[in-house]
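# A structural walkthrough
Chain by chain, the residues run as shown.
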Amino acid sequence: MKSQSAFVPNRNLGIASAIGVLFIWSGFIVFSRAGVTTSLTPADMTGLRFLVAGSITLPFLLKWWPRHLPFHAVCLMCLCGPGAFYSMLMYWGLNEASAAYAGVFSNGALPIFTVILVAVFAATLPDKRQIVGIVVIVAGALLLGSAGFLTGGKNVAVGIGLFLSASAVLSIYIFGVRQWQVTPRQALVLVNVPNAILFLPVWLFMLPSGLEDTSMATIAFQAAYQGLGPGFVAVILFALAATHLGPTATAGFSAAVPASAAVLAIPVLGETPDVREWIGIFIVTVGLSLLVMKRS
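Residue positions are given per chain, counting from 1 as you read along its sequence in written order. Local features in this predicted model are restricted to residues whose pLDDT is 70 or higher, and side-chain atom pairs enter the listing and the counts only when it is 80 or higher, whereas totals over whole chains, interfaces and linings include all residues. Side-chain figures throughout are based on the complete set of non-hydrogen atoms in the structure, without hydrogens or water.

Each patch groups residues whose relative accessible area exceeds 30% and which form no salt bridge, using 9 Å between like charges and 5 Å between nonpolar side chains of Val, Leu, Ile, Met, Phe, Trp and Tyr. Note on areas: these come from Shrake-Rupley sampling with a 1.4 Å probe, and a residue is covered only by the protein chains present in the view. Basic side-chain nitrogens of Lys or Arg form a salt bridge, by our definition, when they fall within 4 Å of a carboxyl oxygen of Asp or Glu. There is a patch of nonpolar side chains on the surface, built from Val202, Leu204, Phe205 and Met206 and spanning about 490 Å² of accessible area. Using a 1.4 Å probe on the protein chains alone, a residue whose accessible area is under 20% of its type maximum counts as buried, one over 50% counts as exposed, and one in between counts as partly exposed. Residue methionine 206 is classed as exposed on the basis of its relative accessible area of 65%.

Glancing now at the confidence of the model for the protein chain. Regions with low pLDDT carry predicted coordinates that are not meant to be interpreted in detail. Here the protein chain shows a mean pLDDT of 86. Residues at 70 or above account for 92%. Looking at any residue, its pLDDT shows the predictor's confidence there, from 0 to 100. For the purposes of this entry, the term helix denotes a DSSP run of H or I that reaches at least four residues, the term strand denotes a run of E that reaches at least two, and both are numbered from the N terminus. When mean pLDDT is taken per element in the protein chain, helix α3 (residues 42-57) scores highest with 96 and helix α1 (residues 2-5) scores lowest with 48.

We now examine the side chain of asparagine 195. With respect to the helices, strands and loops of the structure, asparagine 195 is situated in helix α11 (residues 184-206). Any pair of N or O atoms that falls within 3.5 Å is considered a polar contact. Within protein, one atom must be able to donate a hydrogen and the other to accept it, and sequence-neighbouring residues count only if both atoms are side-chain atoms. Within the structure, asparagine 195 has its side chain in polar contact with the backbone nitrogen of alanine 84 (distance 2.9 Å). With near-sequence residues (within four places) excluded, asparagine 195 lies in contact with Phe50, Cys78, Gly83, Ala84, Phe85, Leu190 and Leu200. Should any heavy atoms of two residues lie within 4.5 Å, those residues are counted as being in contact.

Here, nonpolar core means buried Ala, Val, Leu, Ile, Met, Phe, Trp, Tyr and Cys residues that are tied together by side-chain atoms lying within 4.5 Å of each other. Phe28, Ile29, Met90, Tyr101, Phe105, Phe163 and Tyr173 are the most contacted members of the largest nonpolar core, which totals 77 residues. The biggest single contributor to this core is helix α12 (residues 216-245), with eleven residues.

What follows is about α11. Helix span is expected to be 1.5 Å times the residue number reduced by one. Its 23 residues give α11 an end-to-end C-alpha distance of 32 Å, which sits within 8% of 33 Å, the value for a rise of 1.5 Å per residue. Alanine 196 marks where α11 bends most, by close to 35°. Take the seven residues that end at a residue and the seven that start at it, fit an axis to each, and the angle between those axes is the bend at that residue.

Our next topic: the packing of aromatic side chains. Given two aromatic rings, their pairing is described by the distance between the two centres and the angle made by the two planes. Between 30 and 60 degrees the pair is tilted, below 30 it is stacked and above 60 it is edge-to-face, where a pair is any two Phe, Tyr or Trp rings, Trp via its six-membered ring, whose centres lie within 6.5 Å. Applying the stated criterion across every chain yields a total of ten aromatic pairs. Ring geometry for tryptophan 25 against phenylalanine 238: centres 5.4 Å apart, planes inclined by 85°, an arrangement best described as edge-to-face. Here the residue tryptophan 25 occupies a position in helix α2 (residues 11-36), and phenylalanine 238 occupies one in helix α12, the gap between them amounting to 213 residues. The same class applies to tryptophan 25 as to phenylalanine 238, namely buried. Seen from their ring centres, phenylalanine 31 and phenylalanine 221 are 5.4 Å apart, and the 80° between their planes marks the pair as edge-to-face. Of this pair, phenylalanine 31 sits in helix α2 while phenylalanine 221 sits in helix α12; the two residues are 190 residues apart in sequence, bridging distant segments of the chain. Residue phenylalanine 31 is classed as partly exposed on the basis of its relative accessible area, which comes to 22%. Among the aromatic residues, those joined into a cluster by ring pairs are Trp25, Phe28, Tyr86, Tyr91 and Phe238.

What follows is the structure in structure tokens.
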């Protein structure tokens, strides 16, 4: 109790951490899209991620485990963090829709879900600028979605639904990090170890795999990037950002992800948004920027 009451947020550390998450998450979207367009299945991508991240984190399980958390909080953080459930939703979505859609709907919806959680459970209502930001985000997302429905049809609709589900799941985790004062070390063991223990046997013995038809170079790259980037470094940065900035501002730093992921996808994937899609991405980015400009 004493340490929690004496806690003083470090805004600079929070901003630096959030920027780090921004870069890792942009790469995560694009390189994950590249992975699922090979023979690798969403289960393979998730398995490779937690094979690496879980192995790195396992030796620290007993030392870093958050013993102060009640059982329901442990279950919620394990399930809703950037673990196997979130990863499968994202990889499945990227199997159906392009990186631009992932950037807009998984990251664009994240601040909206987080604002709702903060309003309901922390009794903190959004200000007028945030409300305008939410309206602008929805308008841009609808414009982008309409373009996708015309060209991609059912597949794009499924992808958007999966991205929105992933966003809702992750918003609970971001809120919980601040609510229960989970440290970066504790976040690592909460996310990586239980998800690795539970998911890896299911992947190896029950789920379809395309590893045999995939080159070792592709497998090694995806294992290294997914396990070390989103699976390890981003978990630490997420916890730091949520602790020092708060859940709404942390989620709001996703403002640049739609545009940066769309730009990165052009040389890496050859996916170039059309004019309507670029306009939708721009509108969402403006709305996200309004949403993160929270009154101090």
